[in-house]
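As a plain string of letters, each chain reads:
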Amino acid sequence: MAGFRTHVGVAATLGVGYGFVMHKGMGCHWESGVLSATLTAVGGMLPDLDSDTGRPIREIFSLAAAVIPIVLMPRLTEMGLSSEGVLASLVLGYLFVRYGLSWLLNQLSVHRGMFHSVPAMLISGLVVYLGYHTDNQHLRVELAGGVMLGFLSHLVLDEIYSVDFNGVRLIVKKSSGSALKFFSPSLPATTVCYTILGALLYMAYTEWHSNAPAPAAQPVPFKMAYRT
Ligand SMILES: [Zn+2]
């Protein structure tokens, strides 16, 4: 499997490219380009949240603990919290992710289990879409796309590094399961993953329609408009 530095390097590079394309090509604000580049870099580390404790995993959790509350900030502000309330929520959010969530995931997950899968990648995008609350649907989709791009780069790298290029023959290392997978050998893990995905998809679908702009007024037919 690819090392921590490789994941960070590739995801960060992709993030810069993604942010640049979104800014120059799609006309997004440069601030959102920087934010989506950051989320792409974070996305490239997310699958390894299932690793055992070690320096890289501590760094991932510290970064995720800092970024997740920031992504949630617009939602907190919209809930009518005072600026002190928002600050307190950021601190509590950091502590919750850094220590609470990291402990919980350590108890529940198996390395290279369903965290390294395509549905987990979709979950990461949906969480960002739902978490980042703004009327600007394009921005939400852009940020969700960024985190999923980073996530995908991680899965592809792990997949590539699980293959040895031995002359012309490819030997798949038995030690590492597939990263680009849809199901894991564990039925409970797969079921939980798809249940979360289904629930988030439903929430995103509802939110998308509640935020969709009202349909444009139908043009009045010529005859009707000029009927006397
Ligand atoms: Zn990995």
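These numbers come from a predicted model, not from an experiment.

1. Considerations on the UniProt feature "transmembrane region" (unreviewed entry) in the protein chain
Taking the numbering used here, the UniProt-annotated feature "transmembrane region" (unreviewed entry) corresponds to residues 83–101, 113–131 and 182–205. Strand forms 0% of residues 83–101 and helix 100%; the C-alpha atoms that close the span are 25 Å apart. Its end C-alpha atoms 25 Å apart, residues 113–131 is made of 74% helix and 0% strand.

2. Some points on helix H5 (residues 118–131)
Its 14 residues place the ends of H5 20 Å apart at the C-alpha level, agreeing with the 20 Å of an ideal helix rising 1.5 Å per residue. The element H5 is largely enclosed, with a buried count of 12 among its 14 residues. What H5 keeps buried is the set Val118, Pro119, Ala120, Met121, Ile123, Ser124, Gly125, Leu126, Val128, Tyr129, Leu130 and Gly131.

3. So, the nonpolar core
Leu39, Leu46, Leu49, Phe61, Leu143 and Phe151 are the most contacted members of the largest nonpolar core, which has 25 residues in total. Sorting the residues of this core by element identifies helix H2 (30–43), helix H3 (55–78), helix H4 (83–108), H5 and helix H6 (137–161) as the ones contributing at least two each. Ranked by the residues each element gives to this core, the list is headed by H3, at seven residues. Ignoring sequence-local partners within four residues, the contact set of Leu143 consists of Ser32, Leu35, Ser36, Leu39, Val128 and Tyr132. Within the second largest apolar cluster, 10 residues are counted, among which are Ile123, Leu126, Tyr129 and Ala144.

4. Topic: the coordination of the zinc ion
The protein atoms that coordinate the zinc ion are Asp48 (OD), His116 (NE2), His154 (NE2) and Asp158 (OD), at distances spanning 2.0 to 2.4 Å. The site at the zinc ion holds four donor atoms, and with the angles between them running 84 to 172 degrees, its shape is irregular. Read from N- to C-terminus, the donor residues coordinating the zinc ion fall into the pattern D-x67-H-x37-H-x3-D. Taken together, the residues His116 in the loop between H4 and H5 and His154 in helix H6 connect sequence positions 38 residues apart. The exposure class assigned to His116 is buried, which follows from its relative accessible area of 0%. Taking relative accessible area as the criterion, His154 reaches 1% and is therefore assigned buried.

5. A few points about the environment of Asp158
Turning to its location among the elements, Asp158 is positioned in helix H6. Sequence separation between Asp158 and Arg112 is 46 residues; the distance between their C-alpha atoms is 9.4 Å.

6. Thoughts on the pattern of salt bridges
Here the idea is simple: oppositely charged side chains can pair when their charged atoms come close. Tallying each qualifying case throughout the model produces two salt bridges. In this structure, the salt-bridge partner of Arg75 is Glu207, at a minimum N-O distance of 3.1 Å. Linking Arg75 in helix H3 with Glu207 in helix H7 (residues 187–211), this pair joins segments that are 132 residues apart in sequence. Where salt bridges share partners, they join Arg75, Arg140 and Glu207 into one cluster.

Cut-offs and rules
Residues numbered from 1 in each chain as written. Predicted model: local features only at pLDDT ≥ 70, side-chain atom pairs only at ≥ 80, totals over all residues. Heavy atoms only, no water. UniProt positions renumbered as here; feature names shortened; annotations may be inferred. Helix = DSSP H or I, 4+ residues; strand = E, 2+ residues; numbered from the N terminus. Expected span 1.5 Å × (residues − 1). Buried < 20%, exposed > 50% of the residue type's maximum accessible area, 1.4 Å probe, protein only. Core = buried A, V, L, I, M, F, W, Y, C linked by side-chain atoms within 4.5 Å. Contact = heavy atoms within 4.5 Å. Donors = N, O, S within 2.8 Å, 3.2 Å for Na, K, Ca; no water. Tetrahedral: all angles 85-135°; square planar, octahedral: opposite > 155°, others 65-115°. Salt bridge = Lys/Arg side-chain N within 4 Å of Asp/Glu carboxyl O.

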